[in-house]
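Report on the structure
Here are the chains, one letter per residue:
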Amino acid sequence: MLINKKTESTKVRVKFLQAKIKFEYPAPEAMEVSLVGNFNQWDSRANPMKKDKKGIWKVTLPLEQGRYEYRFIADGTWENDPSCSCCVANEFGGENCIRNVAATAS
C-alpha cells in the first residue's frame, strides 16, 4: 500500500518597508521645482516640491530598497542635486544623481 504524505516547506517571508526619503534643493529664486527620476518615470508633474521660508525646496517620497537616479527641474531647467556626491552619465550628455536606499525589514 502506498501512502501519500504531504510535507510543507517552511518559507520565511520578509517584508521590506518603504523608507521615507527626503529630497531638498536650494533655490530661493525659483518659482517652481519638481523632483524627477526613475521612481516616477521622469514625470515632472509627479512630485512637485514645496519651498520653505529659507528658499529650500523639499519633498519626501516613500521608496523601497534600491538604487535610484534623479534630478530636479527648476523653472524648466534640469539641475543636479548640489549635495549629491555620486552621479552617473545619462543619455543626454549630462549626469543623473544617485540615491541608494537601504533595506528596512519588518
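Residues numbered from 1 in each chain as written. Predicted model: local features only at pLDDT ≥ 70, side-chain atom pairs only at ≥ 80, totals over all residues. Heavy atoms only, no water.

1. Side note on the packing of aromatic side chains
Selection criterion: Side-chain rings of Phe, Tyr and Trp, where Trp is taken by its six-membered ring, are said to pair if the distance between their centres is within 6.5 Å; with planes under 30 degrees apart they count as stacked, over 60 as edge-to-face, and otherwise as tilted. A helix here means a DSSP run of H or I that spans at least four residues, while a strand means a run of E at least two residues long, and both kinds are numbered starting from the N terminus. Per-residue accessibility, obtained with a 1.4 Å probe over protein chains only, is compared with the maximum for each type, and a residue is labelled buried under 20%, exposed over 50%, and partly exposed between these values. Charge-over-ring placement is defined geometrically: NZ (Lys) or CZ (Arg) within 6 Å of the ring centre, and within 35 degrees of the ring normal.
Inspection of every chain in the model, using the stated rule, returns six aromatic pairs. Taken together, a centroid distance of 5.0 Å and an interplanar angle of 70° make the contact between Phe23 and Tyr70 edge-to-face. Here Tyr70 lies in strand β5 (residues 66–74) and Phe23 lies in strand β1 (residues 19–26), a separation of 47 residues in the sequence. Each member of the pair Phe23 and Tyr70 is classed as buried. In textbook terms, an aromatic cluster arises when at least three aromatic residues are bridged by ring pairs, as seen for Phe23, Tyr25, Phe39, Tyr68, Tyr70 and Phe72. Above the ring of Phe23, the side-chain terminus of Arg99 is found at 4.4 Å from the ring centroid.

2. Quick notes on the pattern of salt bridges
To keep it simple, the criterion reads: In what follows, salt bridge is the name for a side-chain nitrogen of Lys or Arg lying within 4 Å of a carboxyl oxygen of Asp or Glu.
Under the defined criterion, the tally for this structure stands at five salt bridges. For the salt bridge of Asp43 with Arg45, the shortest nitrogen-to-oxygen distance reads 3.5 Å. In this structure Asp43 comes out as partly exposed when scored by relative accessible area, which is 26%. Here the salt bridges do not stand alone but share partners, grouping Lys22, Glu24, Asp52 and Lys58 into one network.

3. Quick word on the pairing of β5
Inclusion rule: Only strands that DSSP links by at least two bridges are regarded as paired with each other.
With seven of its nine residues buried, β5 lies for the most part within the structure. Pairing of strand β2 (residues 33–37) with β5, which is carried by five bridges, proceeds in the antiparallel orientation. Bridging across to β5, Ser34 finds its partner in Ile73. Relative to strand β8 (residues 95–101), β5 runs antiparallel, the two being bridged by five bridges. Paired with Tyr68 across the strands is Arg99, a residue of β8. Bridge analysis of β5 against strand β6 (residues 77–79) gives three bridges, and the strand direction is antiparallel. Each residue of the ladder has a partner; that of Ile73, found in β6, is Trp78. Hairpin connection, β5 to β6: the antiparallel pair is bridged by two residues, and Asp75 has positive phi, about 50°.

4. Remarks on the sheet that holds strand β3 (residues 50–51)
Spatial ordering of the open sheet is given by β1-β4-β3, a layout of three strands whose pairing is antiparallel. Looking at which strands have only one partner, the edges of the open sheet turn out to be β1 and β3. Summarising the sheet, β1 and strand β4 (residues 56–63) pair through eight bridges and their orientation is antiparallel. For Lys22, the partnering residue across the bridge sits in β4 and is Thr60.

5. Looking at the environment of Lys20
Looking at where Lys20 falls in the secondary structure, it is placed in strand β1. With relative accessibility at 74%, the residue Lys20 sits in the exposed group. Sequence spacing of Lys20 and Val101 is 81 residues, and the spatial spacing of their C-alpha atoms is 9.6 Å.

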